[in-house]
Amino acid sequence: MFKDLIHDSDKIAIRSRNQSISFRDLVRQVESLASTLNIDPGAHVALFADNSPNWIVCLYAVWYRGGVVVPIDYSAEPEDLAYMLQDSDPQMVLTDSNGLLKIQECLPGDSQPSFELIRIDPFPVSESSAVKHGSRESDTALILYTSGTTGKPKGVMLSFDNICFNINAVIQTEMLVAEDRILALFPFHHIVPLQGHILCPLFIGATVCFADELSAESILHSFKEYQITVLNGVPLLYERFH
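All values derive from a computational prediction rather than experimental measurement.

(A) Quick look at the overall build of the chain. Within the chain one finds 8 helices and 10 strands. Its C-alpha atoms give the chain a radius of gyration of 17 Å, near enough to 18 Å, the size a compact globule of 242 residues would have. On the principal axes, the C-alpha backbone points of the chain span a range of 50 × 40 × 35 Å. Looking at the chain residue by residue over its 242 residues, the buried ones come to 47%. Residue pairs at least 24 apart in sequence account for 70% of intrachain contacts in the chain once pairs closer than 6 positions are excluded. In the form shown here, the chain has an accessible surface area of approximately 12200 Å², with 50% of it arising from carbon and sulfur atoms.

(B) Up close: the packing of aromatic side chains. Scanning all chains against the criterion turns up 5 aromatic pairs. Through successive ring pairs, a cluster of aromatic residues spans Trp 55, Phe 188 and Phe 210. It is Lys 102 that lies over the ring of Tyr 74; its NZ or CZ is 3.9 Å from the centre. Lys 152 extends its terminal NZ or CZ atom over the ring of Tyr 83, reaching a point 5.2 Å from the ring centre.

(C) Geometry of the nonpolar core. Counting residues in each nonpolar core, the largest one holds 53 residues, and the members touching the most others are Leu 59, Tyr 60, Trp 63, Leu 94, Leu 142, Ile 198 and Leu 202. Considering every element that reaches this core, the biggest residue donor is helix α2 (residues 53–64), with 10 residues. Discounting chain neighbours no more than four positions away, the residues touching Leu 202 are Leu 5, Ile 6, His 7, Ala 13, Phe 23, Leu 26, Ile 56, Tyr 60 and Val 208. Val 68, Ile 72, Leu 81 and Met 84 belong to the second-largest nonpolar core, a separate cluster that totals 16 residues.

(D) View of the packing of helix α3 (residues 78–88) against helix α4 (residues 97–106). Taken N-terminus to C-terminus, the directions of α3 and α4 make an angle of 85°; their axes are 9 Å apart at the nearest point. In terms of orientation, α3 lies roughly perpendicular with respect to α4. Along its contact with α3, which presents Pro 78, Leu 81, Ala 82 and Leu 85, the element α4 presents Lys 102, Ile 103 and Cys 106. A breakdown of the residues in the contact of α3 with α4 according to their chemical character gives 6 nonpolar, no polar and 1 charged.

(E) Just α4, in detail. All of the buried residues in α4 are Gly 99, Leu 100, Ile 103 and Cys 106. Projection of α4 onto a plane perpendicular to its axis shows the buried side chains occupying an angular sector of 135°, all on one side. Those residues of α4 hidden inside the fold are in contact with β3 (44–48), α3, β5 (92–95) and β6 (116–119).

(F) Focus on the pattern of salt bridges. Evaluation of the coordinates by the stated rule reveals 6 salt bridges. Here Arg 17 ties to Asp 212 by a salt bridge, and the two come within 3.8 Å at their closest N and O atoms. Residue Arg 17 is located in the loop between β1 (12–15) and β2 (20–22), and its partner Asp 212 is located in the loop between β10 (207–210) and α7 (216–226); the two are separated by 195 residues in the primary sequence. A relative accessible area of 41% places Asp 212 in the partly exposed class.

(G) Highlighting the environment of Ser 222. In this structure, Ser 222 sits in helix α7. Exposure remark for Ser 222: the relative accessible area of 2% places this residue in the buried category. C-alpha separation for the pair Ser 222 and Gln 195, spaced 27 residues apart in sequence, amounts to 21 Å. Those residues in contact with Ser 222 that lie beyond four places of it in its chain are Leu 183, Phe 210, Ala 211, Asp 212, Gln 227 and Ile 228.

(H) Spatial organisation of the sheet that holds strand β9 (residues 181–184). Across the sheet, 4 strands lie side by side as β2-β1-β10-β9; this open sheet has mixed pairing. This sheet does not close on itself; its edge strands, each paired only once, are β2 and β9. Mean inter-strand twist for the sheet, computed between neighbouring axes without regard to direction, equals 25°. Helix α1 (residues 23–34) contacts β1 and β2 of the sheet and is inclined by roughly 85° relative to β2. Packed onto the sheet, helix α6 (residues 191–204) meets β1, β9 and β10 and runs at close to 150° relative to β9.

So, how was this worked out
Residues numbered from 1 in each chain as written. Predicted model: local features only at pLDDT ≥ 70, side-chain atom pairs only at ≥ 80, totals over all residues. Heavy atoms only, no water. Helix = DSSP H or I, 4+ residues; strand = E, 2+ residues; numbered from the N terminus. Rg over C-alpha atoms; globule rule 2.2 N^0.38 Å. Buried < 20%, exposed > 50% of the residue type's maximum accessible area, 1.4 Å probe, protein only. Contact = heavy atoms within 4.5 Å. Areas by Shrake-Rupley, 256 points an atom, 1.4 Å probe, with all protein chains shown as cover. Phe/Tyr/Trp six-rings, centres within 6.5 Å; stacked < 30°, edge-to-face > 60°. Lys NZ or Arg CZ within 6 Å of the ring centre and 35° of its normal. Core = buried A, V, L, I, M, F, W, Y, C linked by side-chain atoms within 4.5 Å. Axes fitted to C-alpha atoms, helices over the stretch in contact; angles between N-to-C directions. Parallel < 35°, antiparallel > 145°, perpendicular 65-115°, else oblique. Nonpolar A, V, L, I, M, F, W, Y, C, P; charged D, E, K, R; others polar. Arc of directions from axis to C-beta. Salt bridge = Lys/Arg side-chain N within 4 Å of Asp/Glu carboxyl O. Pairing = 2+ DSSP bridges.

Structural data, given as structure tokens:
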């Protein structure tokens, strides 16, 4: 399903202050990272990191190896973080240097984690080819945790079928087209930015752009710099703009 969910061309897929990545380069990065990950097919892999192009590469690399991605709120309180890590039972956790500290702080005492911890800064790369595991449309692709407003956060399972249904619905409405450039602002562990800022644009062939920071000045600069055509947000965002 990895190759089925990403556009393939020399067009720019991701833009940020530090880099521009074409779709073909993105695929190469995904395959390179995938070759460093020892993931059993169907295993849960938690993704605990801030929004970045590397986050996107991790998502597809896990799918390439046949794993299930569990995006975890990067701002989660230690108690909630510990709960989600225990509840999702990951074989591996992909995180950055700050996330590594947060995970270590939430572990009880001097206990060793039951999962493998992989830092994605610096990004692990390899020249060897990864073993690709095929996934069926009915297989679970994502486990997204709810906010837990009525109790503990709950993991919601989404299949590749669920993802593709939403992508096709967007295509039919023509809300997003290949010529668009979308600004990715919201945390990727939520389904709206995950689907709307990553999966739909990169399937269709649109360009995903990153602001340097979530400040008014940076967002306005990004609108000009990247000539943004689409902003996918929630009502609170537009109230703030107003």
